[in-house]
Amino acid sequence: MMESFLTPKEAGYRVAVVGATGAVGETMLEILAERKFPVAELIPLASSRSAGSTVEFAGDEYVVQDLATFDPTGLDIALFSAGGDTSLEHAPRFAEAGCYVIDNSSAWRMDDHIALVVPEVNPEALDMARVNRIIANPNCSTIQMVVALKPLHDAAPIKRVVVSTYQAVSGAGRKAMNELADQTRHLLNGQAFDVDVFPARIAFNVIPQIDSFLDDGYTKEERKMMDETRKIMGSDIAVTATTVRVPVFYGHSESVNVTFGAAMDADTARNLLAEAEGICVVDDPSNEDYPLASEAAGSDPVWVGRIRNDNSFKNSLHLWVVADNVRKGAALNAVQIAELLVSQS
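An account of the accompanying structure is given in this report.

What counts, and at which threshold
- Residues numbered from 1 in each chain as written.
- Predicted model: local features only at pLDDT ≥ 70, side-chain atom pairs only at ≥ 80, totals over all residues.
- Heavy atoms only, no water.
- Helix = DSSP H or I, 4+ residues; strand = E, 2+ residues; numbered from the N terminus.
- Expected span 1.5 Å × (residues − 1).
- Bend = angle between axes of the 7 residues up to and from the residue.
- Buried < 20%, exposed > 50% of the residue type's maximum accessible area, 1.4 Å probe, protein only.
- Contact = heavy atoms within 4.5 Å.
- Axes fitted to C-alpha atoms, helices over the stretch in contact; angles between N-to-C directions.
- Left-handed = near helix turned anticlockwise from the far one by under 90°.
- Nonpolar A, V, L, I, M, F, W, Y, C, P; charged D, E, K, R; others polar.
- Pairing = 2+ DSSP bridges.

**Topic: helix α2 (residues 84–96)**
Here comes step 1: With 13 residues, α2 should reach 18 Å at 1.5 Å per residue; the first-to-last C-alpha distance of 18 Å fits that figure.
Here comes step 2: Along its length, α2 shows its largest kink, about 35°, at histidine 90, and proline proline 92 lies within four residues downstream of that point.
Here comes step 3: Inspection of α2 places Ser87, His90, Ala91, Phe94 and Ala95 among the buried residues, and these make up the whole buried set.
Here comes step 4: Where α2 is buried, its residues contact β2 (39–46), β6 (77–80), β7 (100–103), α3 (129–132) and β9 (134–136).
Here comes step 5: Positive backbone phi, approximately 100°, marks glycine 98, located one or two places after α2.

Structural data, given as structure tokens:
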């Protein structure tokens, strides 16, 4: 039996949500309530700009407090979704006060001493957090892919992954969603529009760039997917990625090509995925049935379809992987990590 992370508390735990007024923070609050996480006291936190506003949790309203002046003494768990700089400044302060920090930014993901956790994939990595109390939530596009890859990797070791993503604008925040909505409305009415959040018009367009470019021609988003996948699943897996922004509000989609080091075929993969935790298989080509971002939005599973043999290369498969990037790609994964922290198994 694994040693508990937190001392059991019959009344529940003191839980803070940092960035509570943002899209991910609001979803964290919703999921904590939906899954009946044992919250004895909830503390919503944000920047001074949002302090004093209110958020809803489990039918009640809570006043948002200022993160900069908040004393974390006595907190059990803090879910952070307020950006990398905020996390770098405040996560160590919370951890030093004895609080477990689950951080949704990229600030800590590739730190060798910080656990990078997807509960369905590598829950054992959480043990690293016993020392420093900081746990990193992976990138949204990484999370859904590794959930789909894990049951296949357990059956036949993966050698190489080639992924192209089709990522929703909600991954860039509320301003990005507003930009898509505004541009769409203006274009349909023959009006001028602004380009602010993205490097090009996003309405009725596809942009093959997410985040800034690195010297090797990859973007930071692509580098995140490659490095995080190897940290979570094993450094011997070769990964290459192309990340693309599409005019969809919620739901990331991914075309994933996987090469295995042993025999693997589509039928075997389909059966393994259908039995795996957190995955729903929708794969009926005869009825044109496959996962869609519009249908995945608002749901918790990782959806997998278009499972087929890659006839161009031995022991290789194609997968189509879809998930709600704000839920499973951020908020839900963080809450699932919190559930592991209070689990007595």
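**Overview of the environment of alanine 156**
Here comes step 1: Looking at the element boundaries, alanine 156 is found in the loop between α4 (140–155) and β10 (158–167).
Here comes step 2: Taking the C-alpha atoms as reference points, alanine 156 and serine 170, 14 residues apart in sequence, are found 34 Å from one another.
Here comes step 3: Each residue touching alanine 156, except ones within four places of it in the same chain, is listed here: Phe260, Ala262, Ala263 and Met264.

**Re the packing of α4 against helix α6 (residues 220–233)**
Here comes step 1: Close contact between α4 and α6 brings their axes to 10 Å; oriented N to C, the two are set at 35°. In this structure, α4 meets α6 at a crossing whose hand is right-handed. Packed against α4, whose contacting residues are Ser141, Thr142, Met145, Val146, Leu149, Lys150 and His153, the element α6 presents Glu221, Lys224, Met225, Glu228, Thr229, Ile232 and Met233 at the interface.
Here comes step 2: A class-by-class count of the residues in the contact of α4 with α6 yields 6 nonpolar, 4 polar and 4 charged.

**A closer look at the sheet that holds β10**
Here comes step 1: Read across the sheet, 6 strands follow the order β11-β10-β12-β15-β14-β13 without closing on themselves; strand pairing throughout is mixed. Lying at the two open borders of the sheet, with one neighbouring strand each, are β11 (238–245) and β13 (279–281). For this sheet, the mean inter-axis angle between neighbouring strands, taken without regard to orientation, is 20°.
Here comes step 2: Sheet analysis places β10 next to β11, joined by 8 bridges and oriented parallel. Directly across from valine 162, in β11, lies its bridge partner threonine 240.
Here comes step 3: On the sheet, α4 packs against β10, β12 (252–260), β13, β14 (302–309) and β15 (316–323) and is oriented at approximately 35° with respect to β12.

**Thoughts on the sheet that holds β7**
Here comes step 1: The sheet built from 7 strands is open, its strands ordered β5-β2-β1-β6-β7-β9-β8 with parallel pairing. Each end of this open sheet is capped by a strand with a single partner; those strands are β5 (65–66) and β8 (115–116).
Here comes step 2: Relative to β9, β7 runs parallel, the two being bridged by 3 bridges. Within β9, the residue paired with isoleucine 102 across the bridge is isoleucine 135.

**Describing the pairing of strand β3 (residues 54–57)**
Here comes step 1: Of the two faces of β3, the one lined by Val55 and Phe57 is fully buried and the one lined by Thr54 and Glu56 carries no buried residue.
Here comes step 2: In this sheet, strand β4 (residues 60–63) lies alongside β3 in antiparallel orientation, the contact comprising 4 bridges. Residue pairing in the sheet places valine 55 in a bridge with tyrosine 62 of β4.
Here comes step 3: Two successive antiparallel strands, β3 and β4, enclose a turn made up of 2 residues, where alanine 58 displays a positive phi of approximately 50°.

This is a description of form; function is not addressed.
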